[in-house]
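# Commentary on secondary and tertiary structure
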Amino acid sequence: MRDHRHLFEIESRKARSVRATLTRFWGYFRGRRLLLGLVLIFAVFSAWAQVLSPDLLGQAIDCYLTPYGQQEMGASLDGAAQSASSNCWFDDSTGPLTRSDAISGVGTIVLLLVALFVSSSAATGLQFYLMRWAGLHVLRDLRIQIFRHIHRLSLGYYAKNEAGDIMSRLTNDIEAIQQMVSFALVQVVRGVLLIVWLTYTMLNRSVPFALISMATVPVMALATVWFSDQARKAFRQARREIGGVNADLQENIAGVREAQAFTREDENIERFRQSNAANRDANIKAVAFTSALAPALEALGYISIVIVAGVGGILMLRQQDLFGTVISLGLIVTFLSYTQQFNQPIQMIATLWTNVQSAIAGIERIFEFLDEVPDVVDKPGAVEMPPIEGRVELRDVWMSYNEDEAVLCGVSLTAEPGQTIAIVGPTGAGKTTIINLLPRFYDVDGGAVLIDGYDVRDVTADSLRRQIGIVLQDTFLFSDTVMNNIRYGRPDATDEDVIAAAQLAHADSFITRLPDGYQTVLGERGSGLSQGQRQLIAIARAALANPRLLILDEATSSVDTRTERLIQGALENLLKGRTSFVIAHRLSTIRNADQVFVIHDGEIVEQGTHEELLAAKGFYHDLYMSQFRRDIPAPSSNGRGQREAQPAES
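Presented here is a report on the structure given in the accompanying data block. (Residues numbered from 1 in each chain as written. Predicted model: local features only at pLDDT ≥ 70, side-chain atom pairs only at ≥ 80, totals over all residues. Heavy atoms only, no water.)

## Structural notes on the overall build of the protein chain
The condition is simple: Secondary structure is summarised from DSSP: a helix means a run of H or I of at least four residues, a strand means a run of E of at least two, and numbering begins at the N terminus for each. Each residue gets one of three labels from its accessible area relative to the maximum for its type: buried under 20%, exposed over 50%, partly exposed in between, using a 1.4 Å probe on protein chains only. Two residues form a contact once any of their heavy atoms are found within 4.5 Å.
Regarding its fold elements, the protein chain presents 21 helices and 10 strands. Residue burial in the protein chain is summarised as follows: out of 650 residues, 46% are buried. Long-range contacts, defined here as pairs at least 24 residues apart, represent 77% of the contacts in the protein chain between residues at least 6 apart.

## As for the packing of helix α16 (residues 495-504) against helix α18 (residues 531-545)
The following threshold applies: With axes taken as lines fitted to C-alpha atoms, and helix axes fitted only over the stretch in contact, angles between N-to-C directions fall between 0 and 180 degrees. Convention used here: angles under 35 degrees read as roughly parallel, angles over 145 as roughly antiparallel, angles from 65 to 115 as roughly perpendicular, and any remaining angle as oblique. Take the far helix as the reference: if the near one is turned anticlockwise from it by less than a right angle, the crossing is left-handed, and if turned clockwise, right-handed. Think of it as three bins: nonpolar holds Ala, Val, Leu, Ile, Met, Phe, Trp, Tyr, Cys and Pro, charged holds Asp, Glu, Lys and Arg, and polar takes everything else, Gly as well.
One can describe the packing of α16 onto α18 by two numbers: an axis separation of 8 Å at closest approach and a directional angle of 125°. Here α16 lies oblique to α18, going by the angle between them. By crossing handedness, the relation of α16 to α18 is classed as right-handed. Counting all contacts with α16, which are made through Asp 497, Val 498, Ala 501, Ala 502 and Leu 504, the residues of α18 involved are Ala 540, Ala 543 and Leu 544. Grouping the amino acids of the contact of α16 with α18 by side-chain chemistry returns 7 nonpolar, no polar and 1 charged.

## Describing the pairing of strand β8 (residues 579-583)
For clarity, the cut-off: Each pair of strands is called paired provided DSSP finds at least two bridges between the two strands.
For β8, the buried fraction is high: 5 of the 5 residues fall into the buried class. As paired elements, strand β3 (residues 420-424) and β8 share 4 bridges and run parallel to each other. The partner of Ile 421 across the bridge, within β8, is Phe 581. Two elements, strand β7 (residues 549-553) and β8, share 5 bridges in a ladder whose sense is parallel. From the neighbouring strand, Asp 553 faces β8, where its bridge partner is Ile 583.

## Considerations on the sheet that holds strand β5 (residues 454-455)
An order of β2-β1-β4-β5 is seen for the 4 strands of this open sheet, with the pairing classed as antiparallel. Here the strands that pair on one side only, and so sit at the sheet edges, are β2 (408-415) and β5. Sheet analysis places strand β1 (residues 392-399) next to strand β4 (residues 446-451), joined by 5 bridges and oriented antiparallel. When the bridges of β4 are listed, Trp 398 appears paired with Gly 446.

## Focus on the pattern of salt bridges
The line we're drawing: Counted as salt bridges are all cases of a side-chain nitrogen of Lys or Arg within 4 Å of a carboxyl oxygen of Asp or Glu.
Enumeration over the complete set of coordinates arrives at 17 salt bridges. Residue Arg 365 is joined to Asp 173 by a salt bridge in which the shortest nitrogen-to-oxygen separation is 2.7 Å. Of the two residues, Arg 365 sits in helix α12 (residues 329-370) while Asp 173 sits in helix α7 (residues 163-205), which places them 192 residues apart along the sequence. This pair shows no difference in class: Arg 365 is buried, exactly as Asp 173 is. In this structure, Arg 487 engages Asp 495 in a salt bridge whose closest nitrogen and oxygen atoms are separated by 2.3 Å. In this structure Asp 495 comes out as partly exposed when scored by relative accessible area, which is 36%. Each of Arg 391, Glu 393, Arg 395 and Glu 416 takes part in a single network of salt bridges with overlapping partners.

## A closer look at the packing of aromatic side chains
So the rule is basically this: Stacked, edge-to-face and tilted labels apply to pairs of Phe, Tyr and Trp rings (six-membered ring for Trp) whose centres lie within 6.5 Å, assigned for plane angles under 30 degrees, over 60, and everything in between, in that order. Charges are assigned to positions over rings by a cutoff of 6 Å between ring centre and Lys NZ or Arg CZ, combined with an angular limit of 35 degrees from the ring normal.
All told, the structure shown has 9 aromatic pairs when counted by the stated rule. Plain terms: the ring middles of Trp 26 and Phe 29 are 5.6 Å apart, the flat faces sit at 25° to each other, and that makes the pair stacked. Under the relative-accessibility criterion, Trp 26 is labelled partly exposed at 44%. Ring centres of Phe 45 and Trp 48 lie 5.8 Å apart, and the angle between their planes is 40°; on these two criteria the pair is classed as tilted. One end of the pair is Phe 45 and the other is Trp 48, both in helix α3 (residues 33-72) and 3 residues apart, which spans about a single turn. A residue is classified by how much of its surface remains accessible, and Trp 48, at 34% relative accessible area, is partly exposed. Pairwise contacts between aromatic rings join Phe 25, Trp 26, Tyr 28, Phe 29 and Phe 367 into one cluster. Over the aromatic face of Phe 367 sits the side chain of Arg 24, whose NZ or CZ is 4.1 Å from the ring centroid.

## Focus: unusual backbone geometry
One non-glycine residue, Asp 452, adopts positive backbone phi at about 55°. You can see Asp 452 is positioned in the loop between β4 and β5. In the Ramachandran plot, Lys 617 falls in the positive-phi region, its phi being about 55° despite a non-glycine side chain. Mapped onto the elements of the fold, Lys 617 is located in the loop between α20 (610-616) and α21 (619-627).

## Overview of the nonpolar core
The criterion, for reference: Definition used in this section: a nonpolar core is a set of buried Ala, Val, Leu, Ile, Met, Phe, Trp, Tyr and Cys residues joined via side-chain atoms within 4.5 Å.
In this structure, Val 482, Ile 486, Ile 511, Tyr 518, Ile 590, Val 596 and Tyr 620 are the most contacted members of the largest nonpolar core, which totals 39 residues. Every element with two or more residues in this core is listed here: β3, α15 (482-486), α16, α17 (508-511), α18, β7, β9 (595-600) and α21. Residue contributions to this core peak at 8 residues, all from α18. Those residues in contact with Val 482 that lie beyond four places of it in its chain are Ile 511, Leu 514, Gly 517, Tyr 518, Thr 520, Leu 522 and Ile 537. Core analysis: the next-biggest nonpolar cluster, separate from the first, contains 36 residues, Phe 25, Leu 35, Met 348 and Phe 369 among them.

## Describing the sheet that holds β9
The mixed open sheet is built from 6 strands, whose spatial order is β6-β7-β8-β3-β9-β10. The sheet is open, and its two edges are formed by β6 (468-471) and β10 (603-608), each paired on a single side. Along the sheet, successive strands turn relative to each other by an average axial angle of 15°, direction set aside. Relative to β7, β6 is paired through 4 bridges, and the arrangement is parallel.

## Here's the deal with the pairing of β4
In terms of burial, β4 is a largely internal element, 5 of the 6 residues being buried. With antiparallel pairing between neighbouring strands as the criterion, β4 and β5 make up a hairpin whose turn holds 2 residues, including Asp 452 at a positive phi of roughly 55°.

## Here's the deal with empty space enclosed by the protein
Selection criterion: Lining residues are those with an atom within 4 Å of a point, where the points come from a 1 Å grid over the protein atoms alone and group into cavities, where a 1.4 Å probe fits but cannot get out, or pockets, open sets with protein on both sides within 12 Å along at least five of seven lines. Grid points are joined across faces, edges and corners, and a volume is the space filled by probe spheres set on the points.
One pass over the structure, following the stated rule, counts 1 cavity of 30 Å³ or more. Space inside the largest cavity adds up to approximately 40 Å³. Every residue lining the largest cavity is listed: Leu 437, Tyr 442, Asp 443, Val 444, Val 449, Asp 455, Val 456 and Arg 457. Its residues assigned to classes, the lining of the largest cavity comprises 5 nonpolar, no polar and 3 charged.

What follows is the structure, given as C-alpha cells:
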C-alpha cells in the first residue's frame with residue numbers, strides 16, 4: 001500500500017505539470033498523425049492566405065491607385081511611390097500607367113483576394129471537420145480507458161471515493177476536453193501559426209516598422225502568462241467543485257426514499273445549495289481572470305494600431321524614411337492591416353483560453369484517476385487457476401482496512417471440498433471481510449488464503465473469480481430484462497438454462513406473472529420488485545453460473561419465512577458437491593452446516609457443529625438463545641387459554 005501511494009504521488013505531481021499533461025494527452029493522437037498533418041497543412045494555408053491579403057491590398061494602393069492618381073493630377077511619382085511600385089508583383093510595364101492597366105491590375109488583385117478568401121474559408125472548414133473527427137475518436141478511446149479502469153480498481157477505492165465525482169470525470173471533464181479539441185484547439189493552433197507568419201512577414205517588409213507594430217507584444221505576453229496561470233488554478237478548483245456537486249446529486253437521488261422518510265428534504269436542499277454555490281464561485285473566479293484578459297489585450301491592440309498610424313502618418317507627411325524604410329500610404333495601410341490581424345489571434349486565443357484552461361484542468365483530473373493504482377493486481381508470473389476442487393484454508397490471516405485498526409487477527413480455518421461452512425458473529429466482527437478475501441477483493445496484510453493449495457495472490461484474479469459464485473445481502477440488478485439479469489454470470493447460457501435456474505431458486509412463479517415474463521425490463525437496481533424477489537433473482541443468477549465455490553452473505557435475510565423455506569430447499573440442491581461459505585444472522589438457516597465458526601472482534605472464538613456449539617453453552621449459545629427465546633406465556637384476549645409460544649427473532 002505504501003508503494004502504491006508513493007507511485008500515485010509521483011504521477012500526480014507529474015500530471016499537474018501543464019507541459020507533461022499536454023504531452024501525455026497528445027499521445028492519444030499518435031494513431032491519427034496523418035490526419036493531423038492534413039489539419040496542419042490546411043492551417044498553414046489558411047494563415048498564409050490571411051497574411052498575403054494585406055500585402056496585396058497595399059500593392060493595389062501603391063502599384064495602381066496612387067501612381068495612376070498622381071498621373072491624372074499631372075504630378076510625377078515621389079520617392080515613396082517609386083520605391084513602392086518597384087515591389088509590384090503584377091506590374092511589369094516601364095511606361096506611364098494607363099487607365100486600363102490600373103483597372104486590370106486592381107481587378108487581378110481583387111480576384112486573387114476573392115480566391116484567397118474562398119480557399120481560406122474552405123481550408124478552415126476542413127480543419128474543423130478533421131480535428132473534430134480526430135478529437136471525438138480520441139475522447140471515445142479515453143472514455144473506454146476510464147471505464148475499463150473503473151472495473152480494474154479495487155473495492156477499497158470506491159469505499160473512499162464518491163461515485164458522483166467519478167461520474168463527473170466521465171461527463172463534465174470529458175465535455176470540457178471535447179470543447180477544446182473540437183473548436184478551441186484548432187483556433188489556437190491557427191492563431192499561433194498566424195502570429196508566427198505575420199511576425200516573419202512584417203520583419204521581412206520592414207524591421208523598424210515591424211518593431212513599432214509589435215511594441216505592445218511583451219506586455220501582452222506577460223498579461224497572458226499571468227492571467228492564464230491564475231485561471232488554470234481557478235479552473236482546477238472549479239473541476240473539483242463540479243465533481244462534488246455531481247457526487248451530492250447522485251447520493252441524494254439514490255437516497256431520496258430515506259430523505260423523505262426522515263423529512264430531510266430541506267436540509268439536503270440546503271447542503272446542495274452550498275455545494276452548488278461553491279461551484280458557482282469557483283467558476284466565477286475562473287471566468288473573471290479569462291474575461292479580464294480579453295479586454296486587456298484588446299486595449300493593447302488598439303494602442304498598437306494608434307502607434308502604427310501615428311508614427312507612419314507623421315513620417316509620411318514629413319516625407320521622412322524610417323532607418324532606410326521609405327514610408328508610403330500603401331505601407332501604412334499594409335502594416336495597419338498586419339497589426340490588426342496580429343492582434344486578432346492574440347485576442348481570439350485569450351477568449352478561447354477559458355476552454356483551454358478548463359480542458360487542461362479536466363485532463364489533469366482524468367489522469368489523476370487513471371494513475372490510481374489498484375490495491376489488488378495480478379503479480380508478474382501469476383498462473384491461471386485450475387478447476388477448483390473446493391479445499392479452502394485461511395492460514396493465520398491478518399487484515400485491516402486502515403493501518404490503525406485490525407479487522408481480522410490471526411484467523412485460521414479450513415473447509416474441505418463439498419463442506420458448508422457457516423460464519424456467525426455480531427455486527428462488525430469481521431464476517432464479510434473473510435468472504436471478501438476468498439475472491440480476492442482485498443489482499444491480506446499477513447498470512448495467506450489458499451484454495452486447493454494455491455495462494456490466491458499467485459493466480460490471476462479473473463480465473464479465480466470465474467469459479468466463485470456470490471449472493472450478497474444487498475442485491476444489485478441492472479436496468480435490463482429479467483432474463484439477462486439472471487444470465488449475467490454466464491452469458492452463453494440458453495433461455496432454457498435460465499428458466500431452469502429460476503425454477504431452482506423458486507423465482508419462476510413470480511417472474512412468469514410479470515407483464516412480459518422473463519423479458520420484463522427492470523428499473524434501476526431492480527425497482528418494481530420487492531427485496532425478496534430481487535434476492536431470488538440473485539440466487540438464480542448464482543445457480544446458473546454453476547460455481548465450484550459459493551458464498552452466501554445474508555442470502556435469505558430479506559425474504560419472509562415461507563420464502564426462506566423454499567430457498568433453503570433450493571440451496572440444499574445447489575450446495576451439493578460445492579464448498580460454500582454462509583454468513584447468516586438467522587442462525588436457524590445454518591443448522592445443517594458442516595462447521596460453524598464463531599468470530600468476535602476479529603478472532604475465531606468457537607468452532608464446531610450447531611449441536612456441539614449449543615452444548616458448549618458458550619458465545620454461540622448466547623447468540624442463538626438471544627434470537628430464539630420463547631415468549632412468556634400470557635392469557636389470550638379471548639380467554640380460551642394461553643397462546644402457543646413461537647420462536648421470535650430479536
